[in-house]
Amino acid sequence: MIGITSYGGYIPKLRVDRMMMFQAAAWFAPAVIAVAQGERSLCNWDEDALSMSVEAARDCLAGMDKSTLDALYLCSTTLPYADRQNSGIVKTALNLKDDVVTADMTASQKAGTTGLITALDAVAGGKKNIMVVASDKRESKAMYFYEMWFGDGAAALSVGSENVIAEFKGSYSVSHDFAEHYRGAGAKFDYMWEERWAKDEGYTKFIPQAVNGLFKKLGITMDDVDKFAFPCFFAREHKSIAKGLGAEGDKLVGNMHAACGETGAAHPFVMLISALEKAKPGDRILVCGFGQGCDALYFQVTDEITKLAPRKSISGCLADKRKMPNYNKYLKFRELMDVEMGIRAEAGGQSAVSALWRNRKMITGLVGNKCAKCGTPQWPPMDICVNPDCGDMGPKEDYEFSDKSGTVLTWTADMLAVSWEPPCCYGIIDLDGGGRMVVDFTDCEQKDLAIGKEVRMTFRHRWFDKDRGYHGYSWKAVPVKEETKEGGK
């Protein structure tokens, strides 16, 4: 038996109320009120497709032994690097073993489902465990329908042949060079063709083609499906396509427009996971990915799903949210408005990739070390034990800090430091089990910080060197709310 062995999700904490967006845009584009319901998810200023991928993968690893992973596939249309393996950065941030296969899959909104099929085929061919992560942070010009349709998010699925929670029954794919939108190399925004073209010639034809092809291949009908998940911007067409295929009522997984918007290559996974969170053994799930064709995959949930370790998942992320207060702040976070950052923001210089290579585990993986004699952990890693009662200079063991919670020891709110969301908040935290470090705080306001406050670590985009096209990443701390410590199954 092969199939899904674990899942994880990440929806950014920030939410933008679409009616607030409409009120700002109504003078220019009154027609957008047609899709101004609910809210969309929004990356914080220090998040992107890669950082969200790390968070979704960490959620997927809950209860798993990550040393068993043989491969990591990263699927996205908005990765930061065109010629540097983005999945290699994710691998380093997760501190995976070196002998894993890493691959980037891109250039289509169905990259996630295509990556999942590729992973399942690899497992069938002898690989043991593969993680597939899908993530997107798509950009849209201001005051436009797609600004409301889009949402930011990531999701991860691990596949293997042991402890399978959803058995893979089969897939069917169709591929077409159909451009309802496209984005040229170096462009920031997609070029969108008329919506009717996407609806009438894309969604309404390719999804039924793939689904009917799968039904014929497996000898099943929609009566053999308990949950049907597929992405489609257009609410009416979403229901119409499903109805035409025989899926109505609770059988259809909603397109999640009101909850977070469509998360690009991640969205089929987001919808699938939202179904798995509520699934019971025996449930049969059909999921599709759309983009220059369509992938259709069929799964049946097993008894193993009842043994899955707790995780935050998609439902937990949707519950843990913070409102974007105004449209101007949204514009700045999406770099759609140029503001004066002051001369302090001009400081910079070339990133030393050689130094990053030598310190990759410490910086990207947040790996310190632990004294072999007294057991004291420390970051950054050092040859001399920091314990004043020890001071041993002997060998040290690697010690991961990224999965450790901590508490705030001191904190500062600095109005003079450069920040996209002033004040810049930073301080010192004590990690559970030992270790102390200086960190930036993110996904919070000044009122959320206090001495003794619990925090967790999160992987974030830290800076962008525009002259050289270099993206830098690091770990930050997020205050934990009591009511959102756990979510999902």
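The coordinates are above.
Each chain carries its own residue numbering, running from 1 in the written order of its sequence. It should be noted that, the model being predicted, local features are given only for residues of pLDDT at least 70 and side-chain atom pairs only at 80 or more, the latter also being counted only at that level, while totals for whole chains, interfaces and linings use all residues. To get the side-chain values, all heavy atoms of the structure are used, and hydrogens and water are removed first.

Engineer: Would you explain the overall build of the protein chain in this entry?
Structural biologist: Working definition: helices are DSSP H or I runs of at least four residues, strands are E runs of at least two. Numbering for both runs from the N terminus. Scanning the protein chain from N- to C-terminus turns up twelve helices and 22 strands. Relative to its length of 489 residues, the protein chain is compact, with a C-alpha radius of gyration of 23 Å against a globular reference of 23 Å. Principal axes of the C-alpha set define a box for the protein chain whose edges measure 70 × 55 × 40 Å. Accessibility here uses a 1.4 Å probe with only protein chains present; expressed as a share of the type maximum, an area under 20% marks a residue as buried, one over 50% as exposed, and anything in between as partly exposed. Residues counted as buried form 55% of the 489 residues belonging to the protein chain. Long-range contacts, defined as pairs at least 24 residues apart, comprise 72% of the intrachain contacts of the protein chain with a sequence gap of at least 6. For this count, His and the chain ends are skipped, Lys and Arg are scored as positive, and Asp and Glu as negative. Think of each charge as sitting on NZ of Lys, CZ of Arg, CG of Asp or CD of Glu. Side chains of the protein chain give 60 positive and 65 negative charges; the mean places of these two sets differ by 1 Å. Each radius of gyration is computed over the set of C-alpha atoms, and the globule rule expresses the reference value as 2.2 Å times the number of residues to the power 0.38. Any two residues whose heavy atoms approach within 4.5 Å at even a single point are treated as in contact.

Engineer: Explain the packing of aromatic side chains here, please?
Structural biologist: Aromatic rings considered in pairs are described by the distance between their centres and by the relative angle of their planes. Paired rings are identified among Phe, Tyr and Trp, the last through its six-membered ring, by centres lying within 6.5 Å, and are further divided according to the angle between planes into stacked (under 30 degrees), edge-to-face (over 60) and tilted (the rest). Counted under the stated rule, the structure contains 26 aromatic pairs. Residues F145 and W149 carry aromatic rings whose centres are separated by 5.5 Å and whose planes lie at 25° to one another, so their mutual orientation is stacked. Of this pair, F145 and W149 both sit in helix α5 (residues 145–149), four residues apart, which is roughly one turn of the helix. Summarising the aromatic geometry, the rings of Y327 and Y330 are spaced 5.5 Å apart at their centres and angled 25° between planes, so their arrangement reads as stacked. Placement of both Y327 and Y330 in helix α10 (residues 327–333) is noted, with a separation of three residues, approximately one turn of the helix. With respect to class, Y327 is no different from Y330; both count as buried. Three or more aromatic residues link up through ring pairs in this structure, and these residues are Y144, F145, Y146, W149, F150, F178, W197, Y203, F206, F233, F234 and F290.

Engineer: Would you take a moment to explain the sheet that holds strand β14 (residues 322–323) for this structure?
Structural biologist: Sheet strands associate in pairs through backbone hydrogen bonding, adopting either a parallel or an antiparallel arrangement. By this definition, two strands are paired if DSSP reports at least two bridges between them. With mixed pairing, three strands are arranged side by side in an open sheet as β3-β2-β14. Of all the strands in the sheet, just β3 (39–42) and β14 have a single pairing partner and so form its edges. Pairing of strand β2 (residues 14–17) with β3 involves four bridges; the strand directions are antiparallel. When the bridges of β3 are listed, V16 appears paired with R40. The sheet contacts of helix α1 (residues 18–25) involve β2 and β3, and relative to β2 the element is tilted by about 50°. As a rule, the C-alpha atoms of each element are fitted with a line to give its axis, helices using only the stretch in contact, and angles between N-to-C directions run from 0 to 180 degrees.

Engineer: Explain empty space enclosed by the protein here, please?
Structural biologist: One way to see where empty space is left: roll a probe the size of a water molecule over the atoms. The pocket and cavity definitions rest on a 1 Å grid over protein atoms only: a 1.4 Å probe that fits but cannot leave marks a cavity, an open set with protein on both sides within 12 Å along at least five of seven lines marks a pocket, and residues lining either have an atom within 4 Å of a point. Grid points are joined across faces, edges and corners, and a volume is the space filled by probe spheres set on the points. With the rule as written, the count across this model stands at three cavities of 30 Å³ or more. Taken as a whole, the largest cavity encloses approximately 160 Å³ of empty space. Lining the largest cavity are 17 residues, with R138, E180, Y203, F233 and E262 positioned closest to its centre. Throughout, the ten residues Ala, Val, Leu, Ile, Met, Phe, Trp, Tyr, Cys and Pro are labelled nonpolar, Asp, Glu, Lys and Arg are labelled charged, and all others, Gly among them, are labelled polar. For the lining of the largest cavity, a count of residues per class yields ten nonpolar, three polar and four charged. There is about 60 Å³ of room inside the second largest cavity. The wall of the second largest cavity is formed by Y10, I11, P12, K13, K312, C317, D320, D443 and R456.

Shape is all these values report; function is a separate question.
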